[in-house]
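Each chain, letter by letter, is given below.
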Amino acid sequence: MPRTILVTGGGTGMGRAIAAHFAAAGDHVVITGRRPGPLKDTADAIAGPGTVRALVCDHTDPAAILRLAAELPDRIDVLVNNAGGNTDFDADGATDLAAYARDFRANLDANLVSAAVTTRALADRLAAGGAVIQIGSIAADQGAGAYGAAKAGLASWNVDLARELGPRGITANVVSPGYIADTEFFRDKLSDERRERLVAATATGRAGAPADITGAVAFLASPAARHLTGQVLNVNGGAHSTR
Ligand SMILES: NC(=O)c1ccc[n+]([C@@H]2O[C@H](COP(=O)([O-])OP(=O)(O)OC[C@H]3O[C@@H](n4cnc5c(N)ncnc54)[C@H](OP(=O)(O)O)[C@@H]3O)[C@@H](O)[C@H]2O)c1
């Protein structure tokens, strides 16, 4: 039976790859993002047999999430809280204390509060046997200012969510990527030198690809992973180990 999958931030990068995977499996996928352009391009480009529907939503805005919820079906099988990124890339460079606080909160809003509020708004519709999957980051374990703190908070909040949803037969896990190429994450701010360092840190000797993340998300959403919840699944080519 086709499932309904919501992939936040599904217009580009990993979210786009995740949406394409579920659509190829025959599921009904909804993708969201703030910019209509990439959403439409992605919805047009992804082939079936499933469907892809694009809806504009800023997941840092509770009112926008309520408007999104009104457009969504009553049953959601899989929620992928993928929207986010390091908002410092878009900061204006101001260094006073008020700007520091504003920029810090922007990362918390984009990566942590967005996922929590989206999940809260849709919690009643999550179906038994379903899954909530957060896209975390290696930055949670390695430190990356407010961005890393936000992703670490995401993993902590996910533990609580797993306990809340577990009795309903719904799992909650974090997929935590290392460096993944072919996304808009770094804008134009990734130097060749930093890219080489990120690849050199892996055991696999390569950058991750969006398809690497898709595989982990698909597994966590599958019947094979029904007793796997409250966990962080690191997908980083060995760049960081929990052992
Ligand atoms: N690429 C990496 O190396 C890497 C590593 C670890 C973790 N991650 C995480 O992976 C996730 C996916 O990022 P990506 O690498 O695939 O980069 P990406 O191509 O920039 O994708 C992020 C997507 O999220 C959307 N988005 C951002 N803020 C949003 C908001 N407030 N409301 C709705 N949509 C929003 C963006 O679209 P709009 O701008 O149109 O809203 C974009 O489509 C992010 O959570 C990121 O932090 C990335």
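Below: a short report on this structure. (Residues numbered from 1 in each chain as written. Predicted model: local features only at pLDDT ≥ 70, side-chain atom pairs only at ≥ 80, totals over all residues. Heavy atoms only, no water.)

Details of the packing of helix H1 (residues 13–24) against helix H8 (residues 210–220)
- Their axes nearest at 9 Å, the elements H1 and H8 cross at an angle of 55 degrees. If you check the angle between H1 and H8, you find them oblique. As H1 runs across H8, the sense of the crossing is right-handed. Across from Gly 13, Met 14, Ala 17, Ile 18, His 21 and Phe 22 in H1, the residues of H8 making contact are Pro 210, Ile 213, Thr 214, Val 217 and Ala 218.
- Tallied by class, residues from the contact of H1 with H8 come to 8 nonpolar, 3 polar and no charged. (Axes fitted to C-alpha atoms, helices over the stretch in contact; angles between N-to-C directions. Helix = DSSP H or I, 4+ residues; strand = E, 2+ residues; numbered from the N terminus. Parallel < 35°, antiparallel > 145°, perpendicular 65-115°, else oblique. Left-handed = near helix turned anticlockwise from the far one by under 90°. Contact = heavy atoms within 4.5 Å. Nonpolar A, V, L, I, M, F, W, Y, C, P; charged D, E, K, R; others polar.)

Describing the nonpolar core
- One finds Val 29 and Val 217 to be the most contacted residues of the largest nonpolar core, which totals 25 residues.
- Put simply, the parts of the chain that give this core at least two residues each are strand S1 (4–7), H1, strand S2 (28–33), helix H2 (36–45), strand S4 (76–81), strand S5 (126–135) and H8.
- For this core, the element with the highest residue contribution is H1, accounting for 5 residues.
- Ignoring sequence-local partners within four residues, the contact set of Val 29 consists of Ile 5, Val 7, Ala 19, Phe 22, Ala 23, Thr 51, Val 52 and Arg 53.
- Formed by 23 residues, the second largest nonpolar core is a distinct cluster that contains Cys 57, Ala 69, Trp 157 and Leu 161. (Core = buried A, V, L, I, M, F, W, Y, C linked by side-chain atoms within 4.5 Å. Buried < 20%, exposed > 50% of the residue type's maximum accessible area, 1.4 Å probe, protein only.)

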